[in-house]
Amino acid sequence: MTRVFISCDMNSVALGADEIADVFAEAGAEVVRTGSRGLFSIEPLVEVEDGERRIGFGPVGPDDVAAVLDGTSGKRLGEIDALPFFKGQQRFTFARVGRTDPLSLTDYAAHGGWAGLNKARGMAPVEVVAEVKASGLRGRGGAGFPTGIKWQTVLDAAGHEKFIVCNADEGDSGTFADRMLMEGDPYCLIEGMAIAGHAVGASYGYIYVRSEYPYAIRALEEAIRRSAGIVAPFALEVRTGAGAYVCGEETALLESIEGKRGMVRAKPPLPAHVGLFGKPTVINNVLSLAAVPFILSEGASAYADVGFGRSRGTMPIQLAGNIKHGGLYEVGFGVTLGELVNDIGGGTESGRPVRAVQVGGPLGAYFPPSMFDMPFDYETFAQNGGLIGHAGITVFDDTVDMAHMARFAMEFCAIESCGKCTPCRIGSVRGVETIDRLVASRDGRAGKPVVEHDSRAIPLPADPDRELVRQTAILRDLCDTMKFGSLCALGGFTPYPVLSALDFFPEDFGGEAPTLAAAAE
C-alpha cells in the first residue's frame, strides 16, 4: 500500500488538504497527517514514501491524486529534503514538524522525543538551569532576555508553589511559528515546559493560546491528555484568550489567566518573584520553551555553537507579505536580511522591486533594501532602530505608501491599547491625528484634494511647507514620549515603525531627508 504524508496544519487545511487526504484514502493509499513543512507556495503538499526518502508533489489538487499515485504527475518536486528551501535550514526546534504524526507518542519517541526530559530528570535543578544558561538561549517572543537567567530567578525565589506559563498569544502580523509548532509538534512544547518545571520547582503550567487558533488548541489538549503520565508529576492545561494583542505582554497575560481584564501590571515586582496568583512564575514564549528539549538532549554547546554574536542558536523566521516563497525558515542567527528576502523568499510575489520590509510584527521597524546587508541578530537590529521580535518579516513592494503604514501603526496601538497608561492610550490617538495632518500637508503641497480618513475631512493647510515641518516635529516628539513613558512594549514600541518610516522613506511624508532632519532638531 502506498503511504502518503499530508499536512493537517491550519494553513494547509485552508488550501484544501483535508479534501485531498480523503481522495487519497478513497484511492487506497495509507494517509498520515503531519504538520506543515513550512513552504506555503507548495501547499497542499503530498509526500509519497519511497524507501527512506519522501518524494514531494505540490501544490496538489483533488484531480492530481491519480497521477501522483501512478508516478506520472507533472507536479513532482523531487526528494523533499533536497529542495533548496529545506536543504539550507538548521532545524533544531522544528526538526519533527512535517515529518511525524503530531499526536503519535510512538512517532515522537522514535524521533528523539522525551530524551531531553529524561536527561533533565537525572540532573539537579540548578544543573538544568546552568545548561540553559550555557546554551545562550534568549527569549524568542520579542525582548530577547536570557532564558537561563529568568529560570535562575524563579529557582531562587522563595515559595513552595511556582508556575510555568507559556505565552502562545501569537498576535504579530506575519507570524505563525507558534501555531505551526503547536499544531505540528505539540509534545515538544509540553516536554520543554516539563523540563522548565523540574528546573525551577514548578509542578503546574498553563499554555495561553488565542481563540483564533482552534486547531492548535485541539492538538494541545489531546497531546496533554495522552502525555499526562509521561510528564507527571508536572501537569498543565490550556487557557484560551479572546485575542487581545496586549495580552501578549506577560503581565496582561497573567491577569487574563486569573480571570481579570487583560491590563498591564506595573513592574516591579517582576513575575519571576510575584507572578501568576502572586507566585514566582516563569513566562516564556512557545519557541523559547520548544528549544529546551534539544538543548538538554544534545547539550548546550550544540546549540551555542550556532549563531552570531550574542544571538545563539537558531531562529524560526517567518516570511510573509508580498513575497514569492512565504513560509517558515529555521536557521542560525547571522543570515542577512537580504538573503532572507531575496535568496530564500524569492523577492516579491508581484514581481515589483522590494521597497520595505518590516521585521518584528506591527511594532517592528521598516527597513529599505539599502540595509539588507544587516545580519539577523538582536544587537544589530537594536543598533539600527529595530527589533527582531518574534522574527516575522513582512515584505512590501514599491507601491506601498509608508506614511499610511506609519498611520496604521498608531491606529493599531490605539485600538489594542489596554488603556492603563496615558502615553499609549492618548498618545496613539494623537499620533493618528498628527499623521493625518502631515499627509494633508504632503498632499496639499502636491496640489492634491482634501484627504479623508474615517469619514473625517482633513483640511488642507494654508502653508503646506511650514505645516509639514511642524507636524513632523510634533510626531517625533510624541514618539519620544510614547517610547520612554509607556508602561509596556505596546506603546513603547509603536514609535519604531513610525520613526523608521520617517527616517528611511522621507519622500512619502512630503519632504527630503535634510528637511525632516531639520524638523527633528
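The text that follows walks through the structure, step by step, so that each part is easy to find. From a predicted model like this one, the values you see are computed outputs, not experimental measurements. (Residues numbered from 1 in each chain as written. Predicted model: local features only at pLDDT ≥ 70, side-chain atom pairs only at ≥ 80, totals over all residues. Heavy atoms only, no water.)

### Focus: the overall build of the protein chain
Working step 1: Counting its secondary structure elements, the protein chain contains 23 helices and 18 strands.
Working step 2: Over its C-alpha atoms the protein chain spans a radius of gyration of 24 Å, differing by no more than 12% from the 24 Å that the globule rule assigns to 521 residues.
Working step 3: Across its three principal axes, the protein chain shows a C-alpha extent of roughly 75 × 65 × 40 Å.
Working step 4: A burial count over the protein chain gives 59% of its 521 residues as buried.
Working step 5: Residue pairs in contact within the protein chain that sit at least 24 positions apart in sequence constitute 70% of those at least 6 positions apart.
Working step 6: Roughly 19,900 Å² of accessible area belongs to the protein chain as shown, and the carbon and sulfur atoms make up 52% of that amount. (Helix = DSSP H or I, 4+ residues; strand = E, 2+ residues; numbered from the N terminus. Rg over C-alpha atoms; globule rule 2.2 N^0.38 Å. Buried < 20%, exposed > 50% of the residue type's maximum accessible area, 1.4 Å probe, protein only. Contact = heavy atoms within 4.5 Å. Areas by Shrake-Rupley, 256 points an atom, 1.4 Å probe, with all protein chains shown as cover.)

### Re the pattern of salt bridges
Working step 1: Applying the stated criterion to the full structure yields 36 salt bridges.
Working step 2: For Arg138, the salt bridge goes to Glu379, with nearest N and O atoms at 3.2 Å. Taken together, the positions of Arg138 in the loop between helix H7 (125-135) and helix H8 (147-156) and Glu379 in helix H16 (residues 378-383) put the pair 241 residues apart, joining distant regions of the chain.
Working step 3: For Glu379, the salt bridge goes to Arg310, with nearest N and O atoms at 3.1 Å. Taken together, the residues Glu379 in helix H16 and Arg310 in the loop between strand S10 (307-308) and strand S11 (311-312) connect sequence positions 69 residues apart.
Working step 4: Among the residues examined, Arg310 registers a relative accessible area of 55% and is labelled exposed.
Working step 5: Taken together, the shared-partner salt bridges in this structure form one network comprising Arg37, Glu47, Arg54, Asp81 and Arg99. (Salt bridge = Lys/Arg side-chain N within 4 Å of Asp/Glu carboxyl O.)

### Examining the sheet that holds strand S2 (residues 30-34)
Working step 1: The mixed open sheet is built from 5 strands, whose spatial order is S2-S1-S3-S4-S5. Two strands in the sheet have a free side with no partner beyond their single neighbour: S2 and strand S5 (76-79). In this sheet, adjacent strand axes meet at a mean angle of 25° when their direction is disregarded.
Working step 2: Two strands pair when backbone bridges link them, and strand S4 (residues 53-57) and S5 are joined in this way by 3 bridges, in the antiparallel orientation. Within S5, the residue paired with Phe57 across the bridge is Arg76. (Pairing = 2+ DSSP bridges. Axes fitted to C-alpha atoms, helices over the stretch in contact; angles between N-to-C directions.)

### Let's talk about the environment of Pro464
Working step 1: Among the secondary structure elements, Pro464 is positioned in helix H20 (residues 464-485).
Working step 2: Looking at Pro464, the relative accessible area reads 18%, which means it is buried.
Working step 3: When neighbours within four sequence positions are excluded, Pro464 is seen to be in contact with Ser441, Gly444 and Arg445.

### Observations regarding the sheet that holds strand S15 (residues 366-367)
Working step 1: If you walk across this open sheet you meet the 5 strands as S13-S12-S16-S14-S15, and the pairing is mixed. The two strands at the open ends of the sheet, each matched to only one other strand, are strand S13 (327-332) and S15.
Working step 2: Pairing of strand S12 (residues 314-321) with strand S16 (residues 392-397), which is carried by 4 bridges, proceeds in the parallel orientation. Across the sheet, the residue bridging to Gln318 is Gly392, located in S16.

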